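The residues making up each chain are set out below.
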Amino acid sequence: LFILATQDDWPVHMWAGIDATSSTTGAKQNNALWLFIFYVFCILVAGYLVINIFVGVFVDCYNSVAAEMEEPTEEKLSMSKIPPIFDDPANQLRCQTMRVCLTTSFDMFIAFFIVTNVLSMAFESWKQSQAQTDFGVVANYFF
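Since this is a predicted model, take the numbers as computed values, not measurements.

## Focus on the overall build of the chain
- Each helix and strand counted, the chain has seven helices and zero strands in total.
- Element order for the chain, N to C, with α for helix and β for strand: α-α-α-α-α-α-α.
- The proportion of buried residues among the 143 residues of the chain is 11%.
- Contacts in the chain between residues at least 24 apart in sequence constitute 25% of all its contacts with a sequence separation of at least 6.

Here it is, written out as C-alpha cells:
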C-alpha cells in the first residue's frame, strides 16, 4: 500500500497482482483483471489522504501564525525586555558568521537551494532520457 500511496512504479505491482494465481502456481496473464479496481481505488484514496495531510499542515501553520499575530502587544513588549541568554562570540569571524546566519536573506538563500534540490529530484523518472540524466548529474554537483 505504501508503493501505491507514493505512486512509485505502481503499474508494475498492479500487473503483478493481476497476473498472480496462487503461491504454488506460476503467473497467468490477466488472471484477475478486475483487481485493477482495487489498485485504482487505493491510489485515489491514498492520494486524497496525502493531499489532505499537506493541506492540514498548511492550515494548521497558518492558524498558529494568525493566533500569534493576534496576541496583545503588552506580552510582546515584556518578552522583549528579557536579556539574551548567550553573548555574541568573542572571535570576530564567528561573530560575523553568526550575524550573517541570523539574517532573513540567508534563510531565503538556504530555502532557495532546498526548493531547487526538491525540484531537481522531481525530474528523475523511470526510463529517463539522456537529457534528464545529464541534468541529474549536473544538479548533484550543486546539491
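## A word on the nonpolar core
- If you look at the biggest cluster of nonpolar residues, it comprises eight residues: Leu4, Met14, Ile18, Ala32, Leu35, Tyr39, Cys42 and Ile43.
- If you list the elements that add at least two residues to this core, you get α2 (10-19) and α3 (36-69).

## Structural notes on unusual backbone geometry
- Despite not being glycine, Asn30 shows a phi value in the positive range, around 55°.
- We classify Asn30 as partly exposed; its relative accessible area is 38%.
- The backbone of Lys127 sits at a positive phi, close to 55°, despite the residue not being glycine.

## A few points about a nonpolar patch on the surface
- A cluster of nonpolar residues, Phe109, Ile110, Phe112, Phe113, Ile114, Val118, Met121, Val137, Val138, Tyr141, Phe142 and Phe143, forms a patch on the protein surface that exposes about 1200 Å² of accessible area.
- Contributions of two or more residues to the nonpolar patch are made by α6 (104-122) and α7 (130-142).
- The dominant element in the nonpolar patch, judged by the number of residues it contributes, is α6, at seven residues.
- Checked against the element boundaries, Met121 lands in helix α6.
- According to the relative accessible area criterion, Met121 is partly exposed, its value standing at 47%.

## Some points on the packing of aromatic side chains
- One pass over the full model with this rule turns up four aromatic pairs.
- Residues Phe123 and Phe135 carry aromatic rings whose centres are separated by 5.4 Å and whose planes lie at 90° to one another, so their mutual orientation is edge-to-face. Separated by 12 residues along the polypeptide, Phe123 in the loop between α6 and α7 and Phe135 in helix α7 bring together distant segments of the chain.
- We classify Phe135 as partly exposed; its relative accessible area is 38%.

## Overview of the packing of α2 against α3
- With their axes 9 Å apart at the nearest point, α2 and α3 run at an angle of 150° to one another. As the angle between them shows, α2 and α3 are arranged roughly antiparallel. Classified by chirality, the crossing of α3 by α2 is right-handed. Packed against α2, whose contacting residues are Trp10, His13, Met14, Gly17 and Ile18, the element α3 presents Phe36, Tyr39 and Ile43 at the interface.
- Residues belonging to the contact of α2 with α3 are distributed by class as follows: six nonpolar, two polar and no charged.

## Remarks on the environment of Pro89
- Among the secondary structure elements, Pro89 is positioned in the loop between α4 (73-80) and α5 (92-101).
- Pro89 gets classed as partly exposed once you look at its relative accessible area, which sits at 27%.
- Not counting chain neighbours up to four residues away, the residues in contact with Pro89 comprise Arg94, Cys95 and Met98.

## Side note on the confidence of the model for the chain
- Residue-level pLDDT values for the chain average 81, and 89% of them are 70 or greater.
- The element-level mean pLDDT for the chain is lowest in α4, coming to 57, with α5 highest at 89.

So, how was this worked out
- Residues numbered from 1 in each chain as written.
- Predicted model: local features only at pLDDT ≥ 70, side-chain atom pairs only at ≥ 80, totals over all residues.
- Heavy atoms only, no water.
- Helix = DSSP H or I, 4+ residues; strand = E, 2+ residues; numbered from the N terminus.
- Buried < 20%, exposed > 50% of the residue type's maximum accessible area, 1.4 Å probe, protein only.
- Contact = heavy atoms within 4.5 Å.
- Core = buried A, V, L, I, M, F, W, Y, C linked by side-chain atoms within 4.5 Å.
- Patch = residues over 30% accessible without salt bridge, like charges linked within 9 Å, V, L, I, M, F, W, Y side chains within 5 Å.
- Areas by Shrake-Rupley, 256 points an atom, 1.4 Å probe, with all protein chains shown as cover.
- Salt bridge = Lys/Arg side-chain N within 4 Å of Asp/Glu carboxyl O.
- Phe/Tyr/Trp six-rings, centres within 6.5 Å; stacked < 30°, edge-to-face > 60°.
- Axes fitted to C-alpha atoms, helices over the stretch in contact; angles between N-to-C directions.
- Parallel < 35°, antiparallel > 145°, perpendicular 65-115°, else oblique.
- Left-handed = near helix turned anticlockwise from the far one by under 90°.
- Nonpolar A, V, L, I, M, F, W, Y, C, P; charged D, E, K, R; others polar.
- pLDDT = per-residue confidence, 0-100.

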